[in-house]
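A structural walkthrough
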Amino acid sequence: MDDEETVSRNDAWGMLGQISALPDQLEFSLSKSIDITPGNFSNICICGLGGSAMSGDIIRNYLDENSSYPTIVVRDTHLPKWVNEKSFALILSYSGNTTETLRMYHEAKSQGAKIVCVTSGGKLKELCLEDHEQYIEIPDGLQPRAALGYILGASAVVLKSAHLCNIADDLKRIIPNLKSECARYLPNISLEDNLAKKIASGLENTLPAVYGGIGIAPAVKRWRTQINENSKMLTICGILPELNHNQIVGWIESPSAPATPVFLRSVNDRPEIVKIIDATVSLFIDSGIEPILVNLEGDSQLECIMQGIILGDFVSYYLAALRNVDPTEIAPISRLKERMTDI
């Protein structure tokens, strides 16, 4: 794990650099501008799939804590019937060619929603130009999951311009801390001092199961999807307190070995969530299951989420190195898309 050449031997497409660049991507996109006329919106509908939709999860989490606007992230081909002319539809597709997202764009338009898009180009950009819809264009050439900073920063700019929330300024404030966080997990930092390498070593040859409180749910989901795609490993996740009403029974009564639970804990979790997590962890330990515990520090829940995402991204990268796989290639998704041309 401390041999930089060995760690990067399968990284022909530079995933390490893309993971490390998340704070720089944020900084770049947050410098963008767009002029959106404020409207009398009653709800926010964020539309996207896969890596493009992850920024929607972060924004929804932020809005739930800091806004009175009901917000939903839709990962589908159709929108809820309640989306109408009082809805603000933020359409996210990094490639601009995601089939499901293009269908949601058309539905948002037909249902009268205010549309603003974030994309690097493709068909979505073409539709925006044809229909005179507003959009922010971000740099292309990456896997969508590796463009989180670009998508999140641009989305934050859109919502600030529309007077819907001010996540943009809160993201700007934490960028220096996020850059420092990335530096802690680079390959030149030894295993002894590198938490991402330690966690990856503990998850090798297991089924990772990532858990955390509802306040940091986006980080929990990001760990799962990044290990799925970068590390090529089946991974499950769950959110507390919900997992204590279902998954915990399977763990305690019939644990699926080898599986390793990871608990992400935020310094900003609500007191009742802290107690729930502590009780859950103690039950695991008493049942002979040793979880990996990760304590996320930050001045806000948003900062804890972003730090958790960065750590998980590096964990997924080092797991890919341990498994001797290319962290960028996602052949099954490519093959699936070939079979979806008629949708």
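As a reminder, the structure under discussion sits directly above these lines.
My aim in this report is to walk through the structure given alongside it, one point at a time. (Residues numbered from 1 in each chain as written. Predicted model: local features only at pLDDT ≥ 70, side-chain atom pairs only at ≥ 80, totals over all residues. Heavy atoms only, no water.)

1. Observations concerning helix H7 (residues 148-161)
Selection criterion: Each helix is a run of DSSP H or I of at least 4 residues and each strand a run of E of at least 2, with the numbering of both proceeding from the N terminus. The span you would expect from a helix comes to 1.5 Å times its residue count less one. For each residue, the accessible area found with a 1.4 Å probe, counting protein chains only, is set against the maximum for its type, and the residue is called buried under 20%, exposed over 50%, and partly exposed in between.
The terminal C-alpha atoms of H7, which comprises 14 residues, lie 20 Å apart, in line with the 20 Å expected from a rise of 1.5 Å per residue. The element H7 is extensively covered by neighbouring structure, given that 13 of its 14 residues are classed as buried. One or two positions beyond H7, positive phi appears at His163, with a value near 60°.

2. Quick notes on the pairing of strand S9 (residues 292-296)
Note the cut-off: At least two bridges found by DSSP between two strands is the condition for calling them paired.
The two faces of S9 differ: Ile292, Val294 and Leu296 on one face are buried, but Leu293 and Asn295 on the other face are not. Looking at chain direction, strand S8 (residues 259-266) and S9 are connected through five bridges and run parallel. Bridge pairing in S9 links Leu264 to Val294.

3. So, the pattern of salt bridges
Counted only if it meets this: We define a salt bridge as a contact between a side-chain nitrogen of Lys or Arg and a carboxyl oxygen of Asp or Glu at a distance within 4 Å.
The final tally for this structure, using the stated rule, is 14 salt bridges. Lys197 is the partner of Asp2 in a salt bridge, and the nearest nitrogen-oxygen pair spans 3.0 Å. Of this pair, Asp2 sits in the segment before helix H1 (4-7) while Lys197 is found in helix H9 (residues 195-203), placing the two residues 195 residues apart along the sequence. Judged by relative accessible area, which is 44%, Asp2 ranks as partly exposed. A relative accessible area of 0% means that Lys197 is categorised as buried. A salt bridge links Asp24 to Lys179; the nearest nitrogen and oxygen atoms lie 3.6 Å apart. Of this pair, Asp24 sits in helix H3 (residues 22-30) while Lys179 sits in helix H8 (residues 167-183), and the two are 155 residues apart along the sequence. With relative accessibility at 43%, the residue Asp24 sits in the partly exposed group. The network of salt bridges with common partners includes Asp24, Glu27 and Lys179.

4. Quick look at unusual backbone geometry
Keep in mind that most residues, glycine aside, have a negative phi and that most peptide bonds are trans. A cis geometry characterises the amide bond from Leu240 onward to Pro241, with omega recorded as 10°. Within the element layout of this structure, Pro241 appears in the loop between strand S7 (236-240) and helix H11 (247-253). Positive phi, close to 60°, is recorded for His132, a residue that is not glycine. Following the sequence through the fold, His132 ends up in the loop between helix H6 (122-131) and strand S5 (134-137). Backbone geometry at Asn205 places phi at a positive 65°, although glycine is not the residue there. Tracing the chain through its elements places Asn205 in the loop between H9 and strand S6 (207-213).

5. Observations concerning H9
Residue pairs spaced three or four apart in an α-helix point in one direction, given the helix's 3.6 residues per turn. What counts is decided by this rule: This arc corresponds to the set of directions leading from the helix axis out to the C-beta atoms. The criterion used for residue contact is that any of the two residues' heavy atoms lie within 4.5 Å. For this analysis, a polar contact is any N or O atom pair within 3.5 Å, provided that within protein one partner can donate a hydrogen and the other can accept it, and provided that sequence-adjacent residues contribute only side-chain to side-chain pairs.
All of the buried residues in H9 are Ala196, Lys197, Ile199, Ala200 and Leu203. For H9, the buried positions fall inside an angular range of 165° around the axis, keeping them on one side. Those residues of H9 that are buried are in contact with S6, helix H10 (217-229), S8, S9 and helix H13 (301-323). Taking the backbone nitrogen of Ala196 as reference, a side-chain oxygen 3.1 Å away marks Asn194 as the first, capping residue of H9. Where H9 ends, the next residue or the one after it, Asn205, has phi of about 65°, a positive value.

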